[in-house]
Amino acid sequence: MELARLDVEVTDGRGRPIRDLRAEEVEIEEGGVRRPVALLQHVRAPLGTYAEAAQRTVGGDVSTNRGAPRGRLYVFAFDQSHISPRNEQVARRAVERFLRSRVRPGDRVALYALPGPGARVGFTGDVNRVIAALPNLSGSRERTRFTGIGEIREFEAFEIDRGNREVLQQVLLRLSEEAGFGVSAMDVRDASRSVVNRADSQARQFLDTFADLIRALRRIEGRKDVILVSEGFHGDNVGRDLERVAAAAAQSYSAVHALDINRRDSGIEERNAFGGQRFTAIESRVSPLGTLAAETDGDLFVRAASRPDTVLEAIGSRSEDHYIVGFEPAGDASGGGDYRRVTVRITRPGARVRTRTGYALEAGGSATRGRRQAIDAALAAPFALQGLRVEYTTYVVRGATPVQPTVVLSLEAELPVAAARAGRAADVVFVVRDARTGQAVASGSDIIPLPSAAVPGRAVGRGAYRVQFEAPPGTYLMRAVVREPGGQIGSADRRFEVPSATAAAVSSSDIVLGPAADRFPVRATAYADDGLSGVVELYGAPAEVDAARVRFSLRAAGEGDAVRRIRTADLDVADAGRGDGSRVVRFELPLDGLPAGRYVAEIEVSRDGETVRQVRRELDVVHGSRPRLARDSAGRPAAIEVLRGRLAGRYLASLGTVVPGGRAATALARAQQDDWPGASAMISPPDTDSGTESALGELALRGLARFAAGDYAGAAEALDAAFAADTDAPRRALTAFFLGWVHAYRDDDRRSASAWRSAVFLDPTLVPAHLALADAYVRLSQPALAAQALRAGLAALPESPELRDRLTRLTR
C-alpha cells in the first residue's frame, strides 16, 4: 500500500524546533481511527551560512543530506481577477524588494499571473528575470456588475443570495430611484443570482488554474512556499474547489500564504454610502483565503497592503526544520486525488504541532509518475532532497594498475521497514561529474532491499549499498539518490578528489578503518575494548615505496594535536599477483582509557622527510566491545546471521516477483522482517506447490526458513530444487550462494565449493561468493585453488579491494 505523507513542524513551548522526536510520540487519526506510523524523517534546517553548510555536508568526510545546503522554493501567484486595478502595485514593489534583499544563493523563485494573461516565470535562480516580469502584473477585479435593472455590487448580490432582507431593501430602493420606476424584489433576486453565478465562475476559473499550477509543482522535489496575492473572493459556492487546491498542495508539499491586499482606508462618504457593509464584504472575501492557508499549513496575512515588507520577511524567516511523517491510509483510500482529513497529535508534554489538515494520494498511486521520472527530477534538482536520510562516503584505492585508481562508494539510507510490502526494494542511483567540465564520468543504479527491522525509537531502518567505479585523477561532484517504494526520495551531494599517481612516484590509497568483516564503512566505529585496526596500501615504483615511511596519528575531531601516535616502519608486501612492488601497511592501536567521541585518524606518507601523501578518516570511538555474532554449537556464526546480510535482503527482494499471493506473500514479508519462525509457519507443505513460479518462490523460502531453523538437509533439498527450477541467472546465482552456505553448515566443503562455483559462474560480480569459494578451498587444504579462485574473481573485478586483500593475506 502506498504511504500517505505529511510535513509536520514540531516545536517546544518557546517555539524552538524539536529535533529528537520518536515515532511512538506521533499519533495520526483518520476518521477517528489511529493509523500506524511507518516513516518518520527529520528534515533539518541548514546551520550557518550556505558555504558553511556545504563544507560540512558536501565536502565533509561523510556526505549527508541532513542539514545540507538547500534553497527555499518561492512561488508568487497574483490573483489578477480578484485584485482591483493598480492595487497590485504595492505588492509588486514589496516583492521586488524581497527578491533583491532576501533571496539567498540556492533559492529558486517562480512568478505567475493567474489566470492570465500576464507574467509567467518558472523556477529560476535569476532574480533579475523575475523582477523584469513584475510590470506584467495587473489587477482586473470588477467591484460592481451590470445587470438588466442596473448596477449591483458583488457583495450586495451575495448578501441578497444569502437571504439578507435588509440589503435587498437597500438595493431595491436604490435601483428604483435610479430607474425612475419601481423595481420588483423578484427582479433584484434574479439579477443578484446572475451576479453570483458570474462571480462564482470567475472564482472557479482562478481556483482551477491555481490547483493545476500547484499540482504541477509535485514534479519538483522539496517544500514550497506559495505566496498568493489577492483581495479574495466569496466562498459560498466554491468549497469543493478550495478542497481541490488543498489536495494539490498536499501532493506537492506546498504551503499557501495568503496576502490580503484589500484597501480599508476609504473615506467616510464611501463608507456611509455602503452602509458600513463594505468592511463586512472584505472579511467575507478574505475568509476563503484563510481557509486555503489553514488547510495547507500556510498563513493568512490580513491588511498586508499596509505592511508588505514585514509580511514577506515573516514568510522568508519561517523555520525549515520539520518532519516527514508517513502512515498507512485508511483502507478505502483509493488514490483518486480526493482530500482526506486527518488529526495529528504529539504526545510529548509541552510539544506543539503544526501541519496541514489532510493528505491526497495521487490518482492511480504515485507510481503513475514513474520511478525513472522521479529519480531524474531528483538528479536534476538544484539542491539535495531530504525525504529520506542519506549518508555516504568514498574511498580511493588502487585499481588494476598503480596509475588507475578505483573509487568505492559506501552508502546508507534510512528506509521504511519491509513490513507488508513483500518483495519491494528501494532504488539507488548515482552520477559522478567532473567538477570542471560537468561531464559525467561514472554512473550506476541498483536496488537496496528494505530493512527488516526499525532503528530503536524510529519508524525506519537502515539499508546499505556499496559499489566501485573507475575515475581518472581530478576533482568530482557526485549526487546519490535513493527512492523508497512509496515514492519518498532522499539525495546527497559529495565533492571528492582522486589524486594523481605515476608509476615512478609513491602514492597511497585512502585509509580503511575497522576489521576486514566491515570493510569500507560509511562512518567507522571503533570499540575501546577491541582497539582500532586498519589498512592503507602504498604503490608506485618499488624503490620509492621501499623508501617511504608511514606515520599514523589519532586525534580528537576539531583538535590539532595528536592524541596518540604510532610509527610503522615494516611494510608488508602486497602480492596480489601483479608483482609491481605494492605494499600494505596494517596497524592496530589500543584505545584503553580513550574517552568516547569522534576522532580523526591520519596517515602521513613521507619520502626523505618530505610528505608525499596525507589521508584522513573520521571515526567514532565507543565504550565496550564490538557485538559478537551469534554462533552455533560448532563455533560458526549462526545461520540467522547469514540471513541478515545484504545479499539475503537482495535475494528476498528478487523473490517478490515469483512468490504468489496469500500465505506465501505473508511468509516473504515475515522473512524480510527477520521473523523466520513466522515465515516458516506460513509456507505451504511441499505437496501443495502448484505452478512453476509458485513452486520456485515457495521452494526458495522453504529452503531459507529451514536453514534458519538448523534443518540443513531440508534446506539443501529445497534450495537444490529452486535452483533447478529457476531460469533467471542473477537469482539462480543467489540461490547457489545460499545453497553453498547450507552445505558448509553440513560440513560438506566439496558441495559448498561446487555451489559457490556455480554462483560466481552465473554472476561474476558476487564478491562474497568468490571469497566464500576461496575459504572453502583453504578448508580443503587446496591453497593453490583458493588463490586461483581469487585471481579469477579479480579477472572479472580487477578493482575489488576485498578480493585483493584476501589474496594478499593468502599468498603471504
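Structure's up top.
Counting restarts for each chain: residues are numbered from 1 in the order of the written sequence. The model is predicted, so local features are restricted to residues of pLDDT at least 70 and side-chain atom pairs to those at 80 or more, both for listing and for counting; the totals for chains, interfaces and linings are taken over all residues. By convention in this description, side-chain values take in all heavy atoms of the structure and omit both hydrogens and water.

Asks: Got a minute to help me understand the overall build of the protein in this structure?
Replies: Elements are defined by DSSP. Helices are runs of H or I of four residues or more, strands are runs of E of two residues or more, and each kind is numbered from the N terminus. Check the secondary structure of the protein and you find 23 helices and 35 strands. Throughout, exposure labels follow a simple rule: accessible area from a 1.4 Å probe, protein chains only, divided by the maximum for the residue type, with under 20% read as buried, over 50% as exposed, and the rest as partly exposed. Of all 812 residues assigned to the protein, the portion counted as buried reaches 55%. By definition, residues are in contact when any of their heavy atoms lie within 4.5 Å. Restricting the contact set of the protein to residue pairs at least 6 apart, pairs at least 24 apart contribute 71%. Carbon together with sulfur atoms contributes 48% to the accessible area of the protein, which is approximately 33,600 Å² in total. All accessible-area figures derive from a Shrake-Rupley calculation using a 1.4 Å probe, and residue coverage is judged against the displayed protein chains alone.

Asks: Any chance you could explain the layout of surface pockets here in plain terms?
Replies: Gaps left between atoms show up when a probe the size of a water molecule is rolled over them. One number sums up the size of the second largest pocket: a volume of about 760 Å³. Here the term cavity refers to a set of points on a 1 Å grid, laid over the protein atoms alone, in which a 1.4 Å probe fits but cannot get out; the term pocket refers to an open set having protein on both sides within 12 Å along at least five of seven lines, with lining residues being those that place an atom within 4 Å of a point. Forming the walls of the second largest pocket are 28 residues, and the residues nearest its centre are Gly-59, Gly-60, Asp-61, Val-62 and Arg-494. Breaking the lining of the second largest pocket down by element, the ones donating at least two residues are helix H1 (50–57), strand E19 (390–397), strand E25 (489–498) and strand E35 (610–622). Broken down by class, the residue content of the lining of the second largest pocket amounts to 5 nonpolar, 7 polar and 16 charged. Grid points are joined across faces, edges and corners, and a volume is the space filled by probe spheres set on the points. Only Asp, Glu, Lys and Arg are considered charged in this grouping, and only Ala, Val, Leu, Ile, Met, Phe, Trp, Tyr, Cys and Pro are considered nonpolar; every other residue, Gly among them, is considered polar.

Asks: Is there a simple way to explain empty space enclosed by the protein in this structure?
Replies: Under the counting rule described, the total for this entry stands at 5 cavities of 30 Å³ or more. Estimates place the volume of the largest cavity at around 750 Å³. In this structure, the largest cavity is lined by 44 residues; those nearest its centre are Glu-221, Gly-222, Ser-252, Tyr-253 and Gln-488. Among the residues making up the lining of the largest cavity, the classes are represented as 17 nonpolar, 12 polar and 15 charged.

Asks: Even after reading the chapter, I still don't get the pairing of strand E11 (residues 224–230), so can you show me in this structure?
Replies: Working note: regular strand, side chains alternate between the two faces of the sheet. Counted residue by residue, E11 has 7 buried out of 7 residues, so it is predominantly covered. Of the two faces of E11, the one carrying Lys-224, Val-226, Leu-228 and Ser-230 and the one carrying Asp-225, Ile-227 and Val-229 are both buried. Pairing between strand E6 (residues 73–79) and E11: 6 bridges, direction parallel. Across the sheet, the residue bridging to Tyr-74 is Asp-225, located in E11. Sheet topology note: the E11/strand E12 (residues 254–260) ladder contains 7 bridges and is parallel. Paired with Ser-230 across the two strands is Asp-260, which belongs to E12. A clockwise course of the path from the first strand over the helix to the second, judged with the strands pointing away from the viewer, identifies a crossover as right-handed. Regarding the hand of the β-α-β motif, the stretch spanning E11, helix H7 (residues 239–252) and E12 is right-handed. DSSP bridges decide pairing: two strands pair if at least two such bridges lie between them.

Asks: For this particular structure, what's the right way to read the packing of aromatic side chains?
Replies: For any two aromatic rings, the description comes down to two numbers: the centre-to-centre distance and the angle of the planes. Pairing of aromatic side chains here covers Phe, Tyr and the six-membered ring of Trp, requires ring centres within 6.5 Å, and sorts the geometry by plane angle: under 30 degrees stacked, over 60 edge-to-face, intermediate tilted. With the rule as written, the count across this model stands at 16 aromatic pairs. A network of ring pairs unites the aromatic residues Phe-707, Tyr-712, Trp-741, Tyr-745 and Trp-756 as a single cluster. Over the ring of Phe-723 we find Arg-732, and its NZ or CZ is 4.0 Å from the ring centre. Whether a charge sits over a ring comes down to the Lys NZ or Arg CZ being within 6 Å of the ring centre and within 35 degrees of the ring normal.

Asks: Explain the packing of helix H6 (residues 185–216) against H7 to me, please; I cannot follow it from the model alone.
Replies: When two helices pack together, their arrangement is given by the angle between the helix axes and by the axis-to-axis distance. For the pair H6 and H7, interaxial distance at closest approach is 8 Å and the crossing angle is 10°. Considering the angle they form, H6 stands roughly parallel to H7. Here Arg-204, Leu-207, Asp-208, Phe-210, Ala-211, Ile-214 and Arg-215 of H6 come into contact with H7, specifically with Asp-241, Leu-242, Arg-244, Val-245, Ala-248, Ala-249, Gln-251 and Ser-252. When the residues that make up the contact of H6 with H7 are grouped by side-chain class, the tally is 8 nonpolar, 2 polar and 5 charged. To obtain an axis, a line is fitted to C-alpha atoms, over the contacting stretch when the element is a helix, and the angle between two such axes runs from 0 to 180 degrees between their N-to-C directions. Each angle gets one of four labels, with under 35 degrees taken as roughly parallel, over 145 as roughly antiparallel, 65 to 115 as roughly perpendicular, and the rest as oblique.

Asks: So what exactly am I meant to see when it comes to the pattern of salt bridges here?
Replies: If charged atoms from side chains of opposite charge come close, those side chains can pair. The rule for a salt bridge is simple: a side-chain nitrogen of Lys or Arg has to be within 4 Å of a carboxyl oxygen of Asp or Glu. Tallied over the full model, the rule gives 59 salt bridges. With its nearest N and O atoms 2.6 Å apart, the salt bridge here joins Arg-318 to Glu-9. Residue Arg-318 is found in the loop between helix H10 (308–316) and strand E14 (322–327), and its partner Glu-9 is found in strand E1 (residues 4–11); the two are separated by 309 residues along the sequence. In this structure, Arg-318 and Glu-9 share a single accessibility class: buried. Here Arg-162 makes a salt bridge to Asp-236, at a shortest N to O gap of 2.6 Å. Highlighted residues: Arg-162 in the loop between helix H4 (154–161) and helix H5 (165–179) and Asp-236 in the loop between E11 and H7, separated in sequence by 74 residues.

Asks: Looking at this structure, I do not really get H7. What am I missing?
Replies: Turn by turn, an α-helix covers 3.6 residues, leaving residues three or four places apart pointing in a common direction. Take the number of residues in a helix, subtract one, and multiply by 1.5 Å to get its expected span. In a regular helix each residue adds 1.5 Å, so 14 residues correspond to 20 Å; H7 covers 20 Å between its end C-alpha atoms and thus fits that length. Counted residue by residue, H7 has 10 buried out of 14 residues, so it is predominantly covered. Among the residues making up H7, those that are buried are Asp-241, Leu-242, Val-245, Ala-246, Ala-247, Ala-248, Ala-249, Ala-250, Gln-251 and Ser-252. Positive phi shows up at Tyr-253, right after H7, with a value of about 55°.

Asks: Can you walk me through helix H22 (residues 783–796) in this structure?
Replies: With 14 residues, H22 should reach 20 Å at 1.5 Å per residue; the first-to-last C-alpha distance of 20 Å fits that figure. What H22 keeps buried is the set Ala-786, Ala-787, Ala-789, Leu-790, Gly-793 and Leu-794. Relative to the axis of H22, the buried residues are bounded by an arc of 160° and lie together on one face. The outward face of H22, more than 90 degrees from its buried face, is lined by the exposed residues Ala-784, Gln-788 and Ala-795. The elements touched by buried residues of H22 are helix H21 (767–779) and helix H23 (801–811). The arc in question is the one spanned by the directions pointing from the helix axis to the C-beta atoms.

Asks: Teacher, can you tell me more about the sheet that holds E19 here?
Replies: Each strand in a sheet pairs with another by means of backbone hydrogen bonds, the pair being arranged parallel or else antiparallel. Sheet architecture is open: 4 strands sit in the order E5-E19-E20-E23, paired in antiparallel fashion. Two strands in the sheet have a free side with no partner beyond their single neighbour: strand E5 (63–64) and strand E23 (460–470). Relative to E19, E5 is paired through 2 bridges, and the arrangement is antiparallel. Each bridged residue has a counterpart across the sheet, and for Ser-63 the counterpart in E19 is Tyr-392.

Asks: What am I meant to see in the sheet that holds strand E21 (residues 425–434) here?
Replies: As summarised here, the arrangement of the 4 strands in space is E22-E21-E24-E25, forming an open sheet in which the pairing is antiparallel. Looking at strand neighbours, the two that pair on one side only are strand E22 (440–449) and E25, the edges of this open sheet. Going across the sheet, the axis of each strand differs from the next one's by a mean of 15°, ignoring polarity. The sheet contact formed by strand E24 (residues 474–483) and E25 spans 10 bridges and is antiparallel. Across the sheet, Arg-479 pairs through a bridge with Asp-493, a residue of E25. Packing of helix H11 (residues 371–380) onto the sheet brings it into contact with E21, E24 and E25, and relative to E24 it is tilted by some 140°. Sheet strands in contact with helix H14 (residues 646–655) are E21 and E22, and its direction is about 75° off that of E22.

Asks: Explain the environment of Val-245 here, please?
Replies: Structurally, the position occupied by Val-245 is in helix H7. Between the alpha carbons of Val-245 and Tyr-339 there is a distance of 9.2 Å; along the sequence they are 94 residues apart. When neighbours within four sequence positions are excluded, Val-245 is seen to be in contact with Leu-207, Phe-210, Ala-211, Ile-214 and Leu-292.

Asks: Even after reading the chapter, I still don't get the nonpolar core, so can you show me in this structure?
Replies: It is characteristic of soluble globular proteins that their nonpolar side chains tend to be buried jointly. Take the buried residues of types Ala, Val, Leu, Ile, Met, Phe, Trp, Tyr and Cys, join any two whose side-chain atoms come within 4.5 Å, and each joined set is a nonpolar core. By size, the foremost hydrophobic cluster in this structure holds 64 residues, and its most contacted members are Tyr-651, Leu-652, Leu-655, Trp-676, Leu-701, Phe-707 and Phe-738. When residues of this core are assigned to their parent elements, the largest contribution, 9 residues, is made by helix H19 (residues 729–745). Those residues in contact with Tyr-651 that sit more than four places away from it in its chain are Ala-700, Leu-704, Leu-719, Arg-731, Leu-734, Thr-735 and Phe-738. Of all hydrophobic cores here, the second largest spans 34 residues; its members include Leu-388, Val-390, Ala-442 and Ala-480.

Asks: Is there a simple way to explain the side chain of Gln-386 in this structure?
Replies: Tracing the backbone shows Gln-386 in the loop between H11 and E19. Its relative accessible area of 8% is what places Gln-386 among the buried residues. For Gln-386, the side chain forms a polar contact with the main-chain oxygen of Asn-65, separated by 3.3 Å. When sequence neighbours within four positions are dropped, the list of residues in contact with Gln-386 reads Gln-41, Val-43, Arg-44, Asn-65, Arg-66, Gly-67, Ala-68, Arg-70, Ile-324 and Ile-489. We define a polar contact as two N or O atoms separated by no more than 3.5 Å, with the added condition that, inside protein, one atom must be a possible hydrogen donor and the other a possible acceptor, whereas residues neighbouring each other in sequence contribute only through side-chain atom pairs.

Asks: Would you explain the packing of H4 against H5 in this entry?
Replies: It is at 9 Å that the axes of H4 and H5 come closest, and there the two elements cross at 130°. Viewed along their axes, H4 and H5 adopt a mutual orientation that is oblique. Crossing of H4 against H5: the hand is left-handed. On H5, the residues that touch Glu-156, Glu-159 and Ile-160 of H4 are Val-167, Leu-168, Val-171 and Arg-174. Grouping the amino acids of the contact of H4 with H5 by side-chain chemistry returns 4 nonpolar, no polar and 3 charged. Note: crossing handedness is left-handed where the near helix turns anticlockwise from the far helix by less than a right angle, and right-handed where it turns clockwise.

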